[in-house]
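Topology and contacts: notes
Read off the chains here:
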Amino acid sequence: MKILRKIALSAVLLAGAVSFSFADSSISLSPDSISDGIDDFARELGFSIPQAAVQQNVYAEAFIGKVFPALPPHFAVGIDAGLTHLNTSGLAKAADNLGISGVKNDMYLPVFNADIRIGGVILPFDVGFSFMTLDVGKLNSMDVDFTAEYTTFAFDVRYALLEDGLLLPAVSVGGGYSVNKGSFGASNSSAEANVDFSVHTLYAQVQASKTLNIPVVKIGFTPFIGLRGLISNYTNDWSWKYNGAISGKGSASSDGFGGFQPQIYGGLGFNFGFFQLTASICADLRHIGGESSLWSSAFSFRFKL
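Now for a description of the structure that goes with this document.

Here the focus is the overall build of the chain. A tally of helices and strands in the chain yields three helices and 13 strands. Looking at the chain as a whole, 45% of its 305 residues are labelled buried. Of all intrachain contacts in the chain linking residues separated by at least 6 positions in sequence, the fraction that spans at least 24 positions is 69%. Within the structure as shown, the chain displays about 14,700 Å² of accessible surface, and the carbon and sulfur contribution to it stands at 67%.

Take a look at the structure:
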């Protein structure tokens, strides 16, 4: 009988401990705050990821020339590296509520990709392609187990209204498309927060440039400036989990293509022989100042004819 009473008492104490553990978790966690924070971050990606993608295929020349008829035919191929300022305050809010420490309110997202541009045939246009697939989790500045990976494919077409002449600059208009897929996440031994994003972007732009050559040393400079407008269609699914027992999930999505983003960009190309180094910067005119400021920088090295 005493043994049965001891077993019953142990069962009651165990049940009470389990109930207290879950009750304590429910009190310490704020599911609504976690979901709101990670949803905000998922929506932020609908603006920042497109900017990171389109700024990585920028050429100093507004028009590189034709493939045919031209001698030599005009084309270029290169690699790009850059940074995009990313507002991660929503993810930090969710992580803090989950007990995941070390997530900062912003970060500089590293970007690397390869691109190629081919001149037009007869008509004064050129076509560019860029591709990127990268796991940048180990390159981030977060003091936490952080994952960030993405894949981007983009192309654009530009038509020269003016070709670079003795006095007049080159001026082109163009448009492009990019598709971006990837994920972000933060975790510790007890909790995790993740976002899987898929963003499609359409954009139009106008760019002006002027190449200034120094024949004696065979080098040149190409300053340029442009305006760009983006619209995006995104579906970014998010989820969080705590101790495998309490969780939430949802999706941040646009209603088709929308969320117009006006941008200004510019920079300088440094030409020597068949090679060009290009430095550029881009700012989103609707997101300037504070944690939500959205800007990108890029540095490119290309072989071109």
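Counting buried positions over the 18 residues of strand β6 (residues 170–187) gives 13, a clear majority of the element. Bridge count between strand β5 (residues 145–162) and β6: 17 bridges; the pairing is antiparallel. Its bridge partner being in β6, Thr151 is matched across the sheet by Lys181.

A word on the packing of aromatic side chains. Summed over the entire model, instances satisfying the criterion amount to 13 aromatic pairs. Seen in terms of ring centroids, Phe129 and Phe155 are 6.4 Å apart; in terms of plane orientation they differ by 35 degrees. Their pairing is tilted. In this pair, Phe129 is assigned in strand β4 (residues 125–135) and Phe155 in strand β5, connecting sequence segments 26 residues apart. Judged by its relative accessible area of 33%, Phe155 is partly exposed. Pairwise contacts between aromatic rings join Phe75, Phe221, Phe270, Phe272, Phe274, Phe275, Phe301 and Phe303 into one cluster. Seen from the ring of Tyr265, Arg228 lies directly overhead, with NZ or CZ sitting 4.2 Å from the centre.

According to the stated counting rule, one finds nine salt bridges in the structure shown. Here Arg302 ties to Asp115 by a salt bridge, and the two come within 3.0 Å at their closest N and O atoms. Here the residue Arg302 occupies a position in strand β13 (residues 295–304), and Asp115 occupies one in strand β3 (residues 106–121), the gap between them amounting to 187 residues. Grouping residues by exposure puts Arg302 and Asp115 together as buried. Sharing partners across several salt bridges, the network here consists of Arg117, Asp126, Asp156 and Arg158.

Right, let's talk about a negative patch on the surface for a bit. There is a patch of like negative charges on the surface, built from Asp135, Glu149, Asp196 and Asp237. On the secondary structure map, Asp135 appears in strand β4.

Moving on, we come to empty space enclosed by the protein. Counted under the stated rule, the structure contains two cavities of 30 Å³ or more. Here the largest cavity defines a volume of roughly 70 Å³. Lining of the largest cavity is provided by Val54, Asn57, Val58, Tyr59, Arg117, Asp156, Arg158, Tyr203, Gln205, Gln207, Arg228 and Tyr265. Sorting the residues of the lining of the largest cavity by element identifies β5 and β7 (191–209) as the ones contributing at least two each. Considering only residue class, the lining of the largest cavity consists of five nonpolar, three polar and four charged. Taken as a whole, the second largest cavity encloses approximately 40 Å³ of empty space. What lines the second largest cavity is Ile49, Ala52, Ala53, Leu109, Val111, Met132, Tyr150, Thr152 and Asn180. Secondary structure elements with two or more residues in the lining of the second largest cavity: α2 (31–54), β3 and β5. Here the lining of the second largest cavity is composed, by residue class, of seven nonpolar, two polar and no charged.

Definitions and limits used
The written sequence of each chain sets the order in which its residues are numbered from 1. Totals for whole chains, interfaces and linings use all residues, but because this is a predicted model, local features are given only for residues with pLDDT of at least 70 and pairs of side-chain atoms are given and counted only at 80 or more. With hydrogens and water excluded, all non-hydrogen atoms of the structure serve as input to the side-chain values. Runs of H or I in DSSP of at least four residues are treated as helices and runs of E of at least two as strands, each being numbered from the N terminus. Whether a residue is buried, partly exposed or exposed follows from its accessible area with a 1.4 Å probe, protein chains only, as a fraction of its type maximum: under 20%, in between, or over 50%, in that order. Contacts were defined at the residue level, with two residues in contact if any of their heavy atoms lie within 4.5 Å. Accessible areas in this description were obtained via Shrake-Rupley with a 1.4 Å probe; residue shielding takes into account the shown protein chains only. Here, a strand pair is defined by DSSP locating no fewer than two bridges between the strands. Note on aromatic contacts: the rings of Phe and Tyr and the six-membered ring of Trp form a pair at centre separations within 6.5 Å, being stacked when their planes are under 30 degrees apart, edge-to-face when over 60 apart, and tilted otherwise. Look at NZ for Lys and CZ for Arg. If either is within 6 Å of the ring centre and within 35 degrees of the ring normal, a charge sits over the ring. Salt-bridge detection follows one rule: a side-chain nitrogen of Lys or Arg within 4 Å of a carboxyl oxygen of Asp or Glu. What makes a patch is a set of residues exposed beyond 30% relative accessible area and free of salt bridges, joined within 9 Å when like-charged and within 5 Å when nonpolar (Val, Leu, Ile, Met, Phe, Trp, Tyr). The charge count includes Lys and Arg as positive and Asp and Glu as negative, but it does not include His or the ends of the chains. The atom standing in for a charge is NZ when the residue is Lys, CZ when it is Arg, CG when it is Asp and CD when it is Glu. Here a cavity denotes grid points, spaced 1 Å and computed from the protein atoms alone, that fit a 1.4 Å probe unable to get out, and a pocket denotes an open set having protein on both sides within 12 Å along at least 5 of 7 lines; residues with an atom within 4 Å of a point are the lining. Grid points are joined across faces, edges and corners, and a volume is the space filled by probe spheres set on the points. Put simply, Ala, Val, Leu, Ile, Met, Phe, Trp, Tyr, Cys and Pro go in the nonpolar bin, Asp, Glu, Lys and Arg in the charged bin, and everything else, Gly too, in the polar bin.

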